[in-house]
Amino acid sequence: MVLEKLLHFGKQLLRVKVVNSNSEDSRLSRCLNTFDLVALGVGSTLGAGVYVLAGAVARDNSGPAIVLSFLIAASASVLAGLCYAEFGARVPKTGSAYLYSYVTVGELWAFITGWNLILSYVIGTSSVARAWSATFDELVGKRIEQFCREYMSMNVPGVLAEYPDMFAVLIIFTLTGLLAFGVKESAMVNKVFTCINVLVLLFMVVSGLVKGTLKNWQLDPEEILHVNHTNNSIQNLTYILPSKESLGKGGFMPFGFTGVLSGAATCFYAFVGFDCIATTGEEVKNPQRAIPIGIVSSLLICFVAYFGVSAALTLMMPYYLLDSNSPLPVAFKYVGWGGAKYAVAVGSLCALSTSLLGAMFPIPRVLWAMADDGLLFKFMAEISPRTKTPLTATLASGTGAAIMAFLFDLKDLVDLMSIGTLLAYTLVAACVLVLRYQPEMHSHVYQIANSHDEADLSDGVSVPSTSMGILPGVEERFSFQTLLFPNNHEPSTLSGFTVNICTSVLGLLILTFSVLAVQGGFASWNMVALSVIFMVCLVLVFIIWRQPESKTKLSFKVPLLPFIPVVSMFVNVYLMMQLDRGTWIRFSIWMAIGLVIYFCYGIHHSSEASSAHSALVTEMNGFSLDHELEAMSSEKEAFLNDGIDVREENNGDL
């Protein structure tokens with residue numbers, strides 16, 4: 001009895017969502033095109049970090065080789081982007097990684113993913129709003145900060161910000177109104193600001209290449225230190241004499257390849273944001289084509305922009321002189337173009353505006369998708385009949401982000417964004433790996449949609465299904481030969497189960513490997529353990545590779561399966577393990593709150609549970625009806641037999 005209850009409870013946690021992949025069916029306004037998605041992805045990803053990040057990483061980690069750091073980071077981000085692109089083609093619905101997890105690995109993982117995505121986007125919105133406020137305040141002489149410190153100071157150090165940011169709250173509520181007004185209008189504003197930002201960056205790159213010199217990629221530390229002892233100043237710049245450690249070895253790669261990799265880990269977060277495109281599945285025309293193109297194109301454009309800006313910056317100015325906070329204005333002042341700081345200011349505000357829109361745009365859609373599925377409170381699933389936007393979810397998300405921006409400094413919470421995003425990337429990669437090796441399981445909706453064609457083909461005669469790739473009556477049995485050399489060219493139940501098990505074990509091994517690699521150091525026992533885990537992972541990847549892939553036709557598929565999803569999983573988990581202990585404690589608290597909501601509300605109001613219950617009731621009713629008809633036919637047959645017997649007896653009497 002207890003075992004049955006536990007089994008039923010486990011099935012509830014792992015129930016998957018059945019999705020109708022008809023791209024025409026949508027309750028939201030389907031008005032966006034491919035260019036809108038590219039602009040949304042570029043605007044969200046190419047934020048103000050492009051004006052700050054390059055200087056900090058080049059000075060402290062990579063030197064001129066920052067261009068290689070961005071190349072490595074972009075390659076790692078593209079791995080996740082390709083996985084998102086395939087799911088966008090496979091499941092063109094609203095929900096992003098939350099939905100992708102729901103249709104593959106089950107309800108509990110889907111809730112965890114969605115719950116963390118909400119936190120990531122809310123913190124992202126609040127932090128970008130405060131950055132927008134600070135940048136604008138810098139332009140007007142910090143008058144807003146002075147006023148708030150004088151009249152609205154909050155003396156709760158370590159918990160609340162030094163003063164409430166009223167201007168950030170105003171920015172968030174303005175953006176909330178824009179999003180509630182309509183998705184088309186929001187997309188138009190985003191396109192304008194993104195185009196201005198890209199034009200400013202183009203000016204930066206061209207100017208830097210014109211005013212720069214390759215000598216700054218070939219610096220000799222000994223020569224620099226010798227010159228500095230005899231000359232304390234450089235034209236147009238007063239600076240502190242560099243130490244030998246800050247110069248590294250000089251040349252193109254002053255801090256070695258280790259510095260390049262360290263810089264790449266930081267630069268990876270510069271490409272976070274493209275996943276907001278995946279939340280537009282029900283608001284874009286032809287999503288199976290537009291979403292993959294939007295994701296891949298936006299990542300490519302962002303890489304070119306980051307590569308160009310970092311190259312121009314390190315060509316204009318020696319890497320050890322770069323300013324960590326405002327590298328571009330200082331670099332232009334160094335080459336005698338001080339007036340370019342106004343162009344940088346305009347570009348920064350436009351970049352912050354698009355980044356803010358990109359951070360806030362997905363929140364209502366994830367909230368709406370989860371509420372519509374019954375995992376969050378139903379009142380957030382309301383759609384405005386006029387604007388066709390999730391109005392209640394938009395207002396709720398805007399209010400939550402405004403409260404966080406008003407009260408908190410958010411510096412300690414920014415790393416929580418990374419956990420939510422990296423967890424989503426990891427699950428999406430795992431889901432692609434699992435789904436590509438599963439047998440075709442046509443949903444009930446799909447069967448109904450195709451019933452007319454099947455009726456015409458079969459002419460009323462039922463044909464046994466061979467969708468599993470196995471002949472009727474023939475069962476595939478597990479053996480070492482079927483594991484490495486399957487007999488079928490189509491996925492079967494056994495091959496799909498094999499991939500599920502291998503992917504689960506692979507995930508645990510990648511987690512163990514990452515923890516040991518980050519915490520274990522270079523101890524001999526640790527190196528042996530890492531080597532063993534690595535070899536087992538290779539064996540599991542080989543087993544997955546030997547299984548037959550699904551032949552389902554999609555507008556986009558991840559190439560080089562299973563290697564790209566596996567590498568993506570490793571990169572994301574490894575980066576998660578590098579976050580500090582405080583971040584994981586805050587993550588645990590947030591997860592505890594979410595799990596209370598799920599087990600007290602979501603698991604009981606899940607739409608999939610209601611659908612399963614309705615299907616069971618229908619099946620039971622059908623069984624009862626069949627039983628009654630069978631009983632009636634038996635009674636009718638008995639009645640007829642009795643009538644025949646009576647007539648025979650009467651004839652005999654005659």
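Cut-offs used in this document
- Residues numbered from 1 in each chain as written.
- Predicted model: local features only at pLDDT ≥ 70, side-chain atom pairs only at ≥ 80, totals over all residues.
- Heavy atoms only, no water.
- Helix = DSSP H or I, 4+ residues; strand = E, 2+ residues; numbered from the N terminus.
- Buried < 20%, exposed > 50% of the residue type's maximum accessible area, 1.4 Å probe, protein only.
- Contact = heavy atoms within 4.5 Å.
- Areas by Shrake-Rupley, 256 points an atom, 1.4 Å probe, with all protein chains shown as cover.
- Expected span 1.5 Å × (residues − 1).
- Salt bridge = Lys/Arg side-chain N within 4 Å of Asp/Glu carboxyl O.
- Axes fitted to C-alpha atoms, helices over the stretch in contact; angles between N-to-C directions.
- Parallel < 35°, antiparallel > 145°, perpendicular 65-115°, else oblique.
- Left-handed = near helix turned anticlockwise from the far one by under 90°.
- Phe/Tyr/Trp six-rings, centres within 6.5 Å; stacked < 30°, edge-to-face > 60°.
- Lys NZ or Arg CZ within 6 Å of the ring centre and 35° of its normal.
- Polar contact = N/O pair within 3.5 Å; in protein donor to acceptor, adjacent residues only side chain to side chain.
- Core = buried A, V, L, I, M, F, W, Y, C linked by side-chain atoms within 4.5 Å.
- Patch = residues over 30% accessible without salt bridge, like charges linked within 9 Å, V, L, I, M, F, W, Y side chains within 5 Å.
- Nonpolar A, V, L, I, M, F, W, Y, C, P; charged D, E, K, R; others polar.
- pLDDT = per-residue confidence, 0-100.

**Quick look at the overall build of the chain**
1) Next: If you tally the helices and strands in the chain, you get 26 helices and 0 strands.
2) Next: Here the chain holds 654 residues, and 49% of them are scored as buried.
3) Next: Counting only contacts in the chain whose residues sit at least 6 apart along the sequence, the fraction spanning at least 24 positions is 82%.
4) Next: By element, 65% of the accessible surface of the chain is carried by carbon and sulfur atoms, the whole surface being about 32,100 Å².

**Things to note about helix α18 (residues 414-435)**
1) Next: Along its 22 residues, α18 runs 32 Å from first to last C-alpha, staying within 8% of the 32 Å computed at 1.5 Å per residue.
2) Next: Counting buried positions over the 22 residues of α18 gives 19, a clear majority of the element.

**Quick notes on the pattern of salt bridges**
1) Next: Under the defined criterion, the tally for this structure stands at 9 salt bridges.
2) Next: Here Asp373 ties to Lys17 by a salt bridge, and the two come within 2.7 Å at their closest N and O atoms. Highlighted residues: Asp373 in the loop between α16 (362-372) and α17 (391-407) and Lys17 in the loop between α1 (2-13) and α2 (34-45), separated in sequence by 356 residues. The same class applies to Asp373 and to Lys17, which are both buried.
3) Next: Two residues, Glu145 and Arg149, come together in a salt bridge whose shortest N-O distance is 2.9 Å. With a gap of 4 residues between them, Glu145 and Arg149 both fall in helix α7 (residues 143-151), about one helical turn apart.
4) Next: Take Arg149: its relative accessible area is 39%, and that puts it in the partly exposed class.
5) Next: Taken together, the shared-partner salt bridges connect Glu86, Arg90, Arg436 and Glu549 into one network.

**Considering the packing of helix α6 (residues 107-139) against helix α25 (residues 581-605)**
1) Next: It is at 10 Å that the axes of α6 and α25 come closest, and there the two elements cross at 130 degrees. One finds that α6 runs oblique with respect to α25. Note on packing geometry: the crossing formed by α6 with α25 is right-handed. Contact with α6, carried on its side by Glu107, Leu108, Phe111, Ile112, Trp115, Asn116 and Leu119, involves Phe587, Trp590, Met591, Ile593, Gly594, Leu595, Ile597, Tyr598, Phe599 and Ile603 of α25 and no other residues of that element.

**What about the packing of aromatic side chains?**
1) Next: The final tally for this structure, using the stated rule, is 30 aromatic pairs.
2) Next: Summarising the aromatic geometry, the rings of Trp115 and Trp590 are spaced 4.4 Å apart at their centres and angled 10 degrees between planes, so their arrangement reads as stacked. Note that Trp115 is positioned in helix α6 and Trp590 in helix α25, a separation of 475 residues in sequence. Each of the two residues, Trp115 as well as Trp590, counts as buried.
3) Next: Through a chain of ring-to-ring contacts, the aromatic side chains of Tyr84, Phe87, Tyr100, Phe268, Tyr269, Phe274 and Tyr425 assemble into a single cluster.
4) Next: The ring of Trp545 has Arg546 sitting right over it, with the charged end atom 5.9 Å from the ring centre.

**Quick word on the side chain of Arg30**
1) Next: Structurally, the position occupied by Arg30 is in the loop between α1 and α2.
2) Next: Polar side-chain contacts of Arg30 include one of 3.1 Å to the backbone oxygen of Gly281.
3) Next: One polar contact links the side chain of Arg30 to the main-chain carbonyl oxygen of Val284, over a distance of 2.7 Å.

**A short note on the nonpolar core**
1) Next: Within the largest apolar cluster, 169 residues are counted, with the highest numbers of intra-cluster contacts made by Phe70, Tyr84, Phe87, Phe271 and Leu376.
2) Next: Residue contacts for Phe271: discarding those within four places in its chain leaves Thr45, Phe70, Ala73, Ala74, Ser77, Leu299, Cys302, Phe303, Tyr306 and Tyr425.

**Notes on helix α4 (residues 66-90)**
1) Next: With 25 residues, α4 ought to run about 36 Å at 1.5 Å a step, and its terminal C-alpha atoms sit 36 Å apart, in line with that.
2) Next: Taken across its 25 residues, α4 has 20 buried, putting it largely inside the fold.

**Focus: a nonpolar patch on the surface**
1) Next: Residues Met188, Val192, Ile196 and Val346 make up a contiguous nonpolar surface patch of about 310 Å² in total accessible area.
2) Next: Sort the elements by how many residues they give to the nonpolar patch and helix α9 (residues 183-211) lands first, with 3 residues.
3) Next: Among the secondary structure elements, Ile196 is positioned in helix α9.

**Considering unusual backbone geometry**
1) Next: Following Leu561, the chain continues to Pro562 via a peptide bond in cis, the omega torsion being 0 degrees.
2) Next: Structurally, the position occupied by Pro562 is in the loop between α23 (524-546) and α24 (563-577).
3) Next: Backbone geometry at Ser96 places phi at a positive 55 degrees, although glycine is not the residue there.
4) Next: On the secondary structure map, Ser96 appears in helix α5 (residues 96-102).
5) Next: Of the residues examined, Ser96 reaches a relative accessible area of 0% and is grouped as buried.
6) Next: A positive phi angle, close to 55 degrees, is found at Leu560, a residue other than glycine.
7) Next: Structurally, the position occupied by Leu560 is in the loop between α23 and α24.
8) Next: On the basis of relative accessible area, Leu560 is assigned to the exposed category, the value being 61%.

**A closer look at the packing of helix α15 (residues 341-360) against α16**
1) Next: Where α15 meets α16, the closest approach of the two axes is 5 Å, and the angle between their N-to-C directions is 0 degrees. When the interaxial angle is binned, α15 and α16 end up roughly parallel. The residues of α16 that touch α15, namely those facing Gly358, Ala359 and Met360, are Pro362, Ile363 and Pro364.
2) Next: Residues of the contact of α15 with α16, tallied by class, amount to 5 nonpolar, 1 polar and no charged.

**Thoughts on the environment of Ala89**
1) Next: Mapped onto the elements of the fold, Ala89 is located in helix α4.
2) Next: Between the alpha carbons of Ala89 and Ala290 there is a distance of 8.5 Å; along the sequence they are 201 residues apart.
3) Next: In contact with Ala89, not counting residues within four places along its chain, are Gln288, Pro292, Leu554, Ser555 and Phe556.

**Remarks on the confidence of the model for the chain**
1) Next: Overall, the prediction assigns the chain a mean pLDDT of 80, with 82% of residues at 70 or greater.
2) Next: Between the elements of the chain, mean pLDDT differs from a low of 35, seen in helix α19 (residues 444-449), to a high of 93, seen in α23.
3) Next: In the predicted structure, residues 631-640 sits below a pLDDT of 50 and forms 0 contacts with residues beyond four places in sequence or in another chain.

**Section: the side chain of Thr394**
1) Next: The residue Thr394 is located in helix α17 in this model.
2) Next: Apart from residues lying up to four places away in sequence, Thr394 is in contact with Thr176, Leu179, Ala180, Met360 and Pro364.

**Points about the environment of Glu222**
1) Next: In this fold, Glu222 is placed in helix α10 (residues 221-230).
2) Next: Between the C-alpha atom of Glu222 and that of Gly250, which follows or precedes it by 28 residues, the distance is 8.9 Å.

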